[in-house]
There are 2 protein chains.
Amino acid sequence: MNYINSGPKKAAITGLGAYVPKHRLTNADLEKMVDTNDEWIFARTGIKERRILKGQHKPTSFMAIKAAKKLLRKKNIAPRRIDMVIVATITPDMNVAATAAQVATEIGAVNAFAYDIQAACSGFLYGMSTASSMISSGRYKKVLLIGADKMSSIVDYDDRATCIIFGDGAGAALFEASDSDYGWEDEYFRSNGSGRKYLNIKAGGSLLPASEVTVENKMHFLYQDGKTVFKSAVSEMCNAAEKIIKRNKIDTNKIAYLVPHQANKRIIDAVAKRINLPSQKVMNNIEKYGNTTAATLPLLLNDYEKKLSPGDKLIFAAFGGGFTWGAAYLTWSY
Amino acid sequence: MNYINSGPKKAAITGLGAYVPKHRLTNADLEKMVDTNDEWIFARTGIKERRILKGQHKPTSFMAIKAAKKLLRKKNIAPRRIDMVIVATITPDMNVAATAAQVATEIGAVNAFAYDIQAACSGFLYGMSTASSMISSGRYKKVLLIGADKMSSIVDYDDRATCIIFGDGAGAALFEASDSDYGWEDEYFRSNGSGRKYLNIKAGGSLLPASEVTVENKMHFLYQDGKTVFKSAVSEMCNAAEKIIKRNKIDTNKIAYLVPHQANKRIIDAVAKRINLPSQKVMNNIEKYGNTTAATLPLLLNDYEKKLSPGDKLIFAAFGGGFTWGAAYLTWSY
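This one's a predicted model, so the numbers in the text were calculated from it and none came from an experiment.

Conventions adopted
Residues numbered from 1 in each chain as written. Chains lettered and ligands numbered in written order. Predicted model: local features only at pLDDT ≥ 70, side-chain atom pairs only at ≥ 80, totals over all residues. pLDDT = per-residue confidence, 0-100. Contact = placed C-beta atoms within 7 Å. Helix = DSSP H or I, 4+ residues; strand = E, 2+ residues; numbered from the N terminus. Nonpolar A, V, L, I, M, F, W, Y, C, P; charged D, E, K, R; others polar. Domains from an automatic or database assignment. Least-squares fit on C-alpha atoms with pLDDT ≥ 70 in both. Pairing = 2+ DSSP bridges. Axes fitted to C-alpha atoms, helices over the stretch in contact; angles between N-to-C directions. Expected span 1.5 Å × (residues − 1). Buried ≥ 20, exposed ≤ 12 C-beta atoms within 10 Å, placed from the backbone. Left-handed = near helix turned anticlockwise from the far one by under 90°.

Colleague: It is not clear to me how the confidence of the model for chain A should be interpreted in this structure. Could you clarify?
Modeller: Detailed reading of the predicted coordinates is not advisable wherever pLDDT is low. All names here are of chain A. Here chain A averages 96 in pLDDT, while 98% of its residues score no lower than 70. For the stretch residues 1–6, pLDDT sits under 50, and the model shows 10 contacts to residues farther than four places along the chain or on other chains. Overall fold confidence for the complex sits at a pTM of 0.97, while the interface term, ipTM, reaches 0.97.

Structure follows, in structure tokens:
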């Protein structure tokens, strides 16, 4: 590792892979499960259906492995050349043993080290910064970042406030040193721990370990105070995106796409409006996947991959549990 | 962020802070709880007592905040100058909301972003690499890394194989660009997901969500196949440490200290023997704290801080759940 003697390198995303389970949970299905309806769900969230990972003993890594393998195949990269595997997730397979270690081994990345990042819906955004810095510092050549969540493992399908929103999925991005001038440009990230009372899982951590009482009281499911999270998300995603655009002197007309975390179509619209972007410049696939937490950003990039060209200016924005949030600026490299 | 135009910087640890709870769980106490005795525990593990965080509603962040505040006071740094807070832990306060976000807010780090890293006993080691790369890439100036675990929240005090080993604690380290030639020099990290069957918590993740059955069957407690973990830890920590020493051409006589994860005194002794280090050059405090998982390395550095001088060559080595492991080389900066 001679990073002291080599110049700092800009990191770029050089490949993508994604996986969503086959099973579709539609609004019509949800109508039969809780007191809700398609019109209400779509008007409030923009969601038509979500993918659900069915079958016992299929944890988050099941999807992360598939997404990573697709990327390696597409790029024709031998897994032993991967230096590091990061999995951003709030639904790790198990506690203690990092999901990333399982993924690295299952894809054959025998020379990689691996860890999980936990920052909820900002996990992939923060992971992009981390992967980029590992490349920019000159320390590693190929960093595989995966955002993956099996939200169906923490969603209470009797709670109509959350069960209509979340879905399962995984997306992977490869980070390498850029051989052009394009890549990771800037980031503005913040957190506020006082937001954790509005978005959390009450039990199962060191604050309230699992017990008969916590299971009985359904305290291992995701809780969200939707109104507060909605308001905070709009405000902070807008502020962060504006900050990034302003300090990098980006002409809004020159932005190729806003890449917003897919929590709610109305949040996405509010952010786009605030930075004056027409809807065709806003990546959007919430209709078919819902909120897949750490997987939303790579699932978007994967869906729009063929529309992207070298030099395209992308503005990322995310907000999630913690609270954690931020925006970033990346120029597309391929 | 002008990291493209600035040279890469070596990152250094520039400050430390630590916290352990007051309550001591001694071998004599454990004799009354499970079928064991002081002589057996000490001979097998080198542990005399552990610290336990007593009191309801005191999660891991309680200790992490105290460790971070001590560091800020010692260094006389305004918390608003911290750019990033990383918490390495396997016992987060809650799921979804990162413990690091809570810590950042509670210490007043209003300009920081925050996330958790999960790599079990290698969490702090991997966090050091991450914090260093965030500094080396030129992206941030002050990164606060905290290793903290409330192991008593996941230990079954009826299981004599694990309850004698683990303790609670937290340690914090500040990373800044080095103003000397000293700092983070090299790292060799690896992972192997097939090790997760030997060291894990079976339930509470996406593989096996919490239920009446998982609570009844005590599946939310730490499980360890001690023999397999012991053998793998000795072998991999030795290999990684040797690799680092060899490729950096370090004369063993010039090593100031080995800084080994404190899982078991016999593992530590085996690693020291393999790289030919006398015991006075091996940092060791397992006798008083046991295995505090992500907190062992910063607790060691904090205990030995006054003995360290600029330029001291330190070799870190760790092994833990995942499996994850590695070694690193750092020259002390103050």
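Colleague: Help me understand the interface of chain B and chain A in this model?
Modeller: Where the parts come together, the accessible area they lose is often given as the size of the interface. Each side of the interface is counted separately: chain B has 70 residues, and chain A has 70 residues. Sorting the residues of the side of chain B that touches chain A by element identifies helix H4 (99–106), strand E5 (113–118), helix H5 (123–136), strand E8 (184–191), strand E9 (199–201), helix H6 (212–216) and strand E13 (324–331) of chain B as the ones contributing at least two each. Per element, the largest residue contribution to the side of chain B that touches chain A is 6 residues, and it comes from E5(B). Class assignment for the residues of the side of chain B that touches chain A results in 31 nonpolar, 28 polar and 11 charged.

Colleague: Explain the domain arrangement of chain A to me, please; I cannot follow it from the model alone.
Modeller: Residues and elements named next belong to chain A. Along its sequence, chain A is organised into domain 1 (11–177) and domain 2 (184–331). Of note, the centres of domain 1 and domain 2, computed from C-alpha atoms alone, are 15 Å apart. At the interface, 44 residues of domain 1 touch 39 residues of domain 2. Among the elements of the structure, strand E1 (11–19), strand E3 (49–52), helix H5 (123–136), strand E6 (143–150) and strand E7 (168–177) are those that each provide at least two residues to the side of domain 1 that touches domain 2. When residues of the side of domain 1 that touches domain 2 are assigned to their parent elements, the largest contribution, 7 residues, is made by H5. A per-class count over the side of domain 1 that touches domain 2 returns 24 nonpolar, 12 polar and 8 charged.

Colleague: In this structure, what is going on with the relation of the copies chain B and chain A? I would like to understand it.
Modeller: With an axial shift of 0.0 Å and an RMSD of 0.0 Å, the rotation relating chain B to chain A amounts to 180°. Each copy turns onto its partner about a two-fold axis. Here 100% of the contact residues of chain B are again contact residues in chain A; the copies associate through an equivalent surface.

Colleague: Would you take a moment to explain the sheet that holds strand E12 (residues 313–320) of chain B for this structure?
Modeller: Sheets are built from strands paired through backbone hydrogen bonds, the pairs being either parallel or antiparallel. Residue and element names in this part refer to chain B. Taken together, the 4 strands give an open sheet; going across it, the order is E8-E13-E12-E11, and neighbouring strands pair in mixed fashion. Here the strands that pair on one side only, and so sit at the sheet edges, are E8 and strand E11 (255–260). Here the strands of the sheet are splayed against their neighbours by 10° on average, with no regard to which way each runs. Bridging between E11 and E12 involves 5 bridges; their strand directions are parallel. Considered in E12, the bridge of Pro260 is made with Ala317. Packed onto the sheet, helix H10 (residues 296–304) meets E11 and E12 and runs at close to 145° relative to E11.

Colleague: Explanation requested: helix H3 (residues 60–75) of chain A in the structure shown.
Modeller: For the α-helix, the turn length of 3.6 residues means that residues three or four positions removed from each other point alike. All names here are of chain A. When the terminal C-alpha atoms of H3 are compared, their 23 Å separation across 16 residues agrees well with the 22 Å that a helix rising 1.5 Å per residue should span. Every buried residue belonging to H3 is among Thr60, Ser61, Phe62, Met63, Ala64, Ile65, Lys66, Ala67, Ala68, Leu71 and Leu72, and all of these are buried. Structurally, H3 contributes buried residues whose contacts are with E1, strand E4 (84–88), helix H4 (99–107), E6 and E7. Downstream of H3 by one or two residues, Asn76 has phi in the positive range, about 55°.

Colleague: Sorry, what's going on with the packing of helix H7 (residues 226–247) of chain A against helix H8 (residues 265–274) of chain A here?
Modeller: Packed helices, taken two at a time, are described by the angle between their axes plus the distance between the axes. Residue and element names in this part refer to chain A. Following both chains from N to C, one finds H7 and H8 inclined at 30°, their axes separated by 9 Å at the closest point. Of the two elements, H7 crosses H8, and the hand of that crossing is right-handed. Residues Phe230, Ala233, Val234, Met237, Cys238, Ala241 and Glu242 of H7 touch H8, and the partners they reach there are Ile267, Ala270, Val271 and Arg274. Here the contact of H7 with H8 is built from residues that sort into 9 nonpolar, no polar and 2 charged.

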